Amino acid sequence: MSSLQAIQQQLLHAVLAADSIPPPVISGNAIASAGDRLAIYQHGYRVRLRDALKIEFGGLQCMAGKAFENLLDKYVAAHPSEHYNIRWYGAGLAAFLDYAHPWRNKPQLAEMARLDWAISTAFDAADESSKDIAELSAVPPEAWAGLRLSLQKNLQIVTCLFNAAAYRRAADRGDTRPHLRRFDTPRQILVWRDATTVHYRTLENDEWQVLVAALRGETFAALCELLAAHRGEAAAMPRMVALLQHWLAAGMVQGWTL
Amino acid sequence: MAMTSNERPHSLPYLGYGLGLRVEHYEALLADPGRVEWLEIVSENYMVQGGLPLIWLDRFRERFPLVMHGVSLSIGSTDPLDEDYLSRLQALAQRVEPAWVSDHLCWTGVQGVNLHDLMPLPYTEEALEHVVSRVKRVQDTLKRRILLENVSSYVTFADSQLTEWEFLGAVAERADCLILLDINNVHVSAMNHGFSSMDYLRGIPAERVQQFHLAGYEQGEQLIIDTHDAPVSNAVWDLYVEAVRHFGRVSTMIERDDNFPPLAELRAELEHARALAEPLLQAAA
Ligand SMILES: [Fe+2]
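Residues numbered from 1 in each chain as written. Chains lettered and ligands numbered in written order. Predicted model: local features only at pLDDT ≥ 70, side-chain atom pairs only at ≥ 80, totals over all residues. Heavy atoms only, no water.

1. As for the overall build of chain B
So, step 1. Scanning chain B from terminus to terminus reveals 9 helices and 13 strands.
So, step 2. Computed over its C-alpha atoms, the radius of gyration of chain B comes to 18 Å, within 12% of the 19 Å expected for a compact globule of 285 residues.
So, step 3. Taken over the C-alpha atoms alone, chain B extends approximately 50 × 45 × 45 Å along its principal axes.
So, step 4. Looking at chain B alone, contacts between residues at least 24 apart form 80% of all its contacts between residues at least 6 apart.
So, step 5. With an accessible surface of roughly 10600 Å², chain B has 48% of that area assigned to carbon and sulfur atoms.
So, step 6. In chain B, the 22 positive side-chain charges and the 42 negative ones have mean positions that sit 8 Å from each other. (Helix = DSSP H or I, 4+ residues; strand = E, 2+ residues; numbered from the N terminus. Rg over C-alpha atoms; globule rule 2.2 N^0.38 Å. Contact = heavy atoms within 4.5 Å. Areas by Shrake-Rupley, 256 points an atom, 1.4 Å probe, with all protein chains shown as cover. Lys, Arg positive; Asp, Glu negative; His and termini not counted. Charge placed at Lys NZ, Arg CZ, Asp CG, Glu CD.)

In structure tokens form, the structure reads like this:
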């Protein structure tokens, strides 16, 4: 190992360990000891990572309340950053909260982190064009049954057992913290970006199933059949039309293949 | 006066007085840029796939000359250069067409771990050779000279054989790169390590200094901490005057990274820089 490499490794581990004993490669002087000098890097490292997380996890901060700082400390201690862009440091937070004690006993926290992260990644996902109703109307009637929608790639669905979206909304608006609610059946929160604005909303059960089928690449005829199973033959087509109009207006549809 | 801009053999354009572009000032800068002549962007903030950051970037690109300033090149690390990072940086440079691209004379991590900090190097012949070969590779990839900035540091290494300014100067000469001199960082490191800021200014190759940063610091118990979150201090203004006397006309900007005041305050600091520098430059002309 080169001495430069050894110096960098020793200093890096000293910063990560938050050890008060500085490695022998660094020196102090009359102005400050080596330990006091090292402490600036140790402190700065933790502050920077915590600040980066605070920007992305507003909902989690609202939900965790006083426990938020401790939660961040534990994540920072357990997870060195491995990406050159600090913006990606939160990518592992939801998984950490899934397995780490004591957070795993409060599954609402991992769920909240997952929703926050979906919103965060939608924000600077790749730009995609979207189609409007007029363009879809130009599809000839005989082609409709075989039409397959291409939805925006930034679109994400987060399964929620708790009212995580309400916490996120409170954080975004600066409202008071909601009370925790556990739903009888899981809800599906859709996260997507329309041009520059990130949105999230709860999907109705039939919309969720049709959307998942559309994402799988099922044909328009198959989507209508799914709806018929939910709402009956007569209601299926009007519901499908309403959903399509809604998705197009929300900028969720990138195109289609016939 | 040691130099005027037209004597610089490696000269890139002179841009005047600028600011670091931060989200907090997007609206205000477009509404009323005042006498802000150019902007420096943090490259990593725009190394994203899409969305608002790139829309804002395009808006500013139409209105201002831009330069790109990175924090993740990690030119001094003993880890291999991050090819993914380099190609994204190159792609961004193609989109922005900046007047120049800069990063720091430091390392940010090793063994795949990133400290997201500007870690100082030991000033040894070994480190010098290592950095020089990497700067050459980066410059070959980007097909342009880069600027390297001096960082604030709190530790020194028992192994160091050179002063910081000797090391910075040697990197610039041997790799044929340019220097972004952060006046605040010179002051912070001088105070923390007990060297003379004037020795620093006199010790680096003047013709390679292409840009100045001006920023603020925080007084700690024993050491002063480069926070870049406060107004420029009197000591740094004094050193700036010395730097203008010594280096001549150099593109200058206020760099605020946190604790953002209204834009008007930064513009006032920039006017102060102009008011200090212009009489000296005009007297020398
Ligand atoms: Fe700087």
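There is more to say after this.
2. What about the side chain of B:Glu164?
So, step 1. When you line up the elements, B:Glu164 lands in helix H5 (residues 164–175).
So, step 2. Despite its burial, B:Glu164 pairs with no opposite charge; the closest candidate is A:Arg37, at 10 Å N-O.
So, step 3. Those residues in contact with B:Glu164, other than ones at most four positions away along the chain, are B:Tyr123, B:Asn150, B:Val151, B:Ser153, B:Ser189, B:Phe195 and B:Tyr200. (Buried < 20%, exposed > 50% of the residue type's maximum accessible area, 1.4 Å probe, protein only. Salt bridge = Lys/Arg side-chain N within 4 Å of Asp/Glu carboxyl O.)

3. Describing the side chain of B:Asn184
Residues and elements named next belong to chain B.
So, step 1. For asparagine 184, the location among the structural elements is in helix H6 (residues 183–193).
So, step 2. Its relative accessible area of 0% is what places asparagine 184 among the buried residues.
So, step 3. Separated by 3.3 Å, the side chains of asparagine 184 and aspartate 226 make a polar contact.
So, step 4. Ignoring sequence-local partners within four residues, the contact set of asparagine 184 consists of His213, Ala215, Gly216, Tyr217, Asp226, His228 and Val236. (Polar contact = N/O pair within 3.5 Å; in protein donor to acceptor, adjacent residues only side chain to side chain.)

4. Some remarks on the packing of helix H9 (residues 205–216) of chain A against helix H11 (residues 233–249) of chain A
When two helices pack together, their arrangement is given by the angle between their axes and by how far apart the axes lie.
Residue and element names in this part refer to chain A.
So, step 1. At a minimum axis separation of 12 Å, H9 and H11 run at an interaxial angle of 70°. As summarised for this structure, H9 and H11 are arranged roughly perpendicular, according to the angle between their axes. Of the residues in H11, those in contact with Asp206, Glu207, Val210, Leu211 and Ala214 of H9 are Arg239, Met240, Leu243, His246 and Trp247. (Axes fitted to C-alpha atoms, helices over the stretch in contact; angles between N-to-C directions. Parallel < 35°, antiparallel > 145°, perpendicular 65-115°, else oblique.)

5. Re the interface of chain A and chain B
So, step 1. On the side of chain B, 49 residues touch chain A, which itself brings 41 residues to the contact.
So, step 2. Summing both partners gives a buried area of about 3900 Å² for chain A against chain B, and 60% of it is carried by carbon and sulfur.
So, step 3. By the criterion of area lost to chain B, the three top residues of chain A are A:Gln8, A:Tyr41 and A:Tyr84, representing 22% of everything that side buries.
So, step 4. Summed over the shared surface of chain A and chain B, the result is 1 salt bridge.
So, step 5. The shortest N-O distance in the salt bridge between A:Arg48 and B:Asp117 comes to 3.2 Å.
So, step 6. Here chain A and chain B share 25 residue pairs in polar contact (both at pLDDT 80 or more) between them.
So, step 7. Listing elements by their share of the side of chain A that touches chain B, those giving two or more residues are helix H1 (3–17), strand S1 (26–27) and helix H2 (34–56) of chain A.
So, step 8. The element that contributes the greatest number of residues to the side of chain A that touches chain B is H1(A), accounting for 11 residues.
So, step 9. In terms of residue class, the side of chain A that touches chain B is built from 22 nonpolar, 12 polar and 7 charged. (Buried area = accessible area lost by both parts, 1.4 Å probe. Nonpolar A, V, L, I, M, F, W, Y, C, P; charged D, E, K, R; others polar.)

6. Section: the coordination of the iron ion
Residue and element names in this part refer to chain B.
So, step 1. For the iron ion, the full set of protein donor atoms is Glu149 (OE), Asp182 (OD), His213 (ND1) and Glu255 (OE), at a range of 2.0 to 2.3 Å.
So, step 2. One way to put it: the 4 donor atoms around the iron ion meet at angles of 85 to 175°, and that makes the site irregular.
So, step 3. On the primary sequence, the residues serving as donors to the iron ion are separated as E-x32-D-x30-H-x41-E. With a gap of 42 residues between them, histidine 213 in strand S10 (residues 209–214) and glutamate 255 in the loop between strand S13 (251–254) and helix H9 (263–284) connect regions that are remote in the sequence.
So, step 4. In this structure histidine 213 comes out as buried when scored by relative accessible area, which is 0%.
So, step 5. Since its relative accessible area comes to 5%, glutamate 255 is described here as buried. (Donors = N, O, S within 2.8 Å, 3.2 Å for Na, K, Ca; no water. Tetrahedral: all angles 85-135°; square planar, octahedral: opposite > 155°, others 65-115°.)

7. Description of the UniProt feature "domain: Putative DNA-binding" (unreviewed entry) in chain A
So, step 1. UniProt's feature table lists "domain: Putative DNA-binding" (unreviewed entry) at residues 7–97 of chain A, given in the numbering used throughout.
So, step 2. The span residues 7–97 of chain A shows a helical share of 64% and a strand share of 2%, and its end C-alpha atoms are spaced 34 Å apart. (UniProt positions renumbered as here; feature names shortened; annotations may be inferred.)

8. Section: the sheet that holds strand S5 (residues 197–203) of chain A
Residues and elements named next belong to chain A.
So, step 1. Read from one edge of the open sheet, 3 strands run S3-S4-S5, paired in antiparallel fashion. Only two strands of the sheet have a single neighbouring strand rather than two, namely strand S3 (156–162) and S5. Strand-to-strand twist in this sheet, taken as the mean axis angle between neighbours without regard to direction, amounts to 25°.
So, step 2. Strand direction decides the pairing type here: S3 and strand S4 (residues 182–194), joined by 6 bridges, are antiparallel. Note that in S4 the partner of phenylalanine 162 across the bridge is arginine 182.
So, step 3. Sitting on the sheet, helix H6 (residues 107–123) touches S3, S4 and S5, and the angle it makes with S3 is about 155°.
So, step 4. Against the sheet, helix H8 (residues 164–173) touches S3, S4 and S5, its axis set at about 150° to S5. (Pairing = 2+ DSSP bridges.)

9. Notes on the packing of helix H10 (residues 220–231) of chain A against H11(A)
Residues and elements named next belong to chain A.
So, step 1. Contact geometry of H10 with H11 gives a least axis separation of 8 Å together with a crossing angle of 120°. As far as their axial angle goes, H11 and H10 are oblique. Where H10 crosses over H11, the two elements pack in a sense that is right-handed. Here Phe220, Leu223, Cys224, Leu227, Ala228 and Arg231 of H10 lie close against H11, whose contacting residues are Glu233, Ala235, Ala236, Met237, Arg239, Met240, Leu243 and Leu244.
So, step 2. Here the residues of the contact of H10 with H11 sort into 11 nonpolar, no polar and 3 charged. (Left-handed = near helix turned anticlockwise from the far one by under 90°.)

10. Describing the pattern of salt bridges
All names here are of chain A.
So, step 1. Throughout the structure, instances matching the rule amount to 32 salt bridges over all chains.
So, step 2. Among the salt bridges present, the one from lysine 131 reaches glutamate 135, with a minimum N-O distance of 3.8 Å.
So, step 3. Take lysine 131: its relative accessible area is 28%, and that puts it in the partly exposed class.
So, step 4. With its nearest N and O atoms 2.7 Å apart, the salt bridge here joins arginine 231 to aspartate 206. Highlighted residues: arginine 231 in helix H10 and aspartate 206 in helix H9, separated in sequence by 25 residues.
So, step 5. A relative accessible area of 4% places aspartate 206 in the buried class.

11. Things to note about the sheet that holds S13(B)
Residue and element names in this part refer to chain B.
So, step 1. Read around the barrel, 8 strands follow the order S1-S2-S3-S4-S7-S9-S10-S13 and close on themselves; strand pairing throughout is parallel. Pairs of neighbouring strands in the sheet enclose a mean axial angle of 30°, with direction left out of account.
So, step 2. Bridging between strand S4 (residues 101–104) and strand S7 (residues 146–149) involves 4 bridges; their strand directions are parallel. Bridge pairing in S7 places aspartate 103 opposite leucine 148.
So, step 3. Relative to the sheet, H9 contacts strand S1 (17–20), S10 and S13, its axis offset from that of S1 by approximately 150°.

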